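Report on the structure
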Amino acid sequence: MSNRRRPSRGNTYRTGYLTSPQWFARRDRWFRDQLQAAGGWTCVGCDRTADQRELELHHLSYDGVQKTQTGWYADEAHEDLWPLHPACHELLHRIIDRDPLLARHRTRVQASTTALQIVRRKHATRGEEGS
């Protein structure tokens, strides 16, 4: 299994699913549910609060995503989606992509969890430097 990000060309997940009405409806539902449960949104990478327009959702699992003959089926588990600022999301993916162990020899959950710890450490270190 590989966690590496694939180029957009020929990648139906990125060019199809992430631009589909089903994904946008699922994404909106995640934000609504999270607002009701927690009263707001926080980036899991830098721990800063944000509004819905400032966050992307990182998939820990694609188990709820299926391509059907009529389009996409979007039923990811709530906890399988992590809110991240775009810069934190990109950093998380770069960490996974650049580490062969994370990219090829760990599950997506393991790779994402390890990379998230690194992202958080980087933010904590930057915060200490700014003090």
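Scroll up for the structure.
Residues numbered from 1 in each chain as written. Predicted model: local features only at pLDDT ≥ 70, side-chain atom pairs only at ≥ 80, totals over all residues. Heavy atoms only, no water.

1. Some words on the pairing of strand β4 (residues 65-68)
Here is the rule we go by: Two strands are counted as paired when DSSP detects at least two bridges linking them. By definition, any uninterrupted DSSP run of H or I lasting at least four residues is a helix, any uninterrupted run of E lasting at least two residues is a strand, and each is numbered from the N terminus.
Of the strand pairs in this sheet, β4 and strand β5 (residues 71-74) are connected by four bridges, and their pairing is antiparallel. Following the sheet pairing, K67 is matched in β5 by W72. Remark: two residues form the turn of the hairpin made by β4 and β5, two consecutive strands paired antiparallel.

2. Examining the nonpolar core
The following threshold applies: Nonpolar cores were defined as sets of buried Ala, Val, Leu, Ile, Met, Phe, Trp, Tyr and Cys residues, with membership established by side-chain atoms within 4.5 Å. Here the term buried applies to any residue with accessible area under 20% of the maximum for its type, exposed to any over 50%, and partly exposed to those in between, with areas from a 1.4 Å probe on protein chains only. Should any heavy atoms of two residues lie within 4.5 Å, those residues are counted as being in contact.
Formed by 29 residues in total, the largest nonpolar core has its most connected members in Y17 and L92. Looking at this core, the elements that each hand over two or more residues are α2 (21-38), β5, β6 (81-84), α3 (86-98) and α5 (108-130). Take this core: its biggest share by element is five residues, from α3. Excluding anything up to four places from it in sequence, Y17 contacts T12, W23, R26, H59, V65, W72, A74 and E76.

3. As for α2
Applied cut-off: Between the first and last residue of a helix there are one fewer steps than residues, each counted as 1.5 Å, and that sum is the expected span. By construction, the arc corresponds to the directions joining the helix axis to the C-beta atoms.
The end-to-end C-alpha distance of α2 is 25 Å, a good match for the 26 Å that 18 residues give at a rise of 1.5 Å each. For α2, the set of buried residues is W23, R26, R27, W30, F31 and Q34. Taken down its axis, α2 places every buried residue within 140° of arc, on the same side. Seen from the buried face of α2, the exposed residues on the opposite side, beyond 90 degrees, are P21 and Q36. Those residues of α2 hidden inside the fold are in contact with β1 (41-42), β3 (56-59), β5 and β6. Just downstream of α2 lies G39, where phi reads positive at about 80°.

Read these as geometric descriptors, not functional statements.
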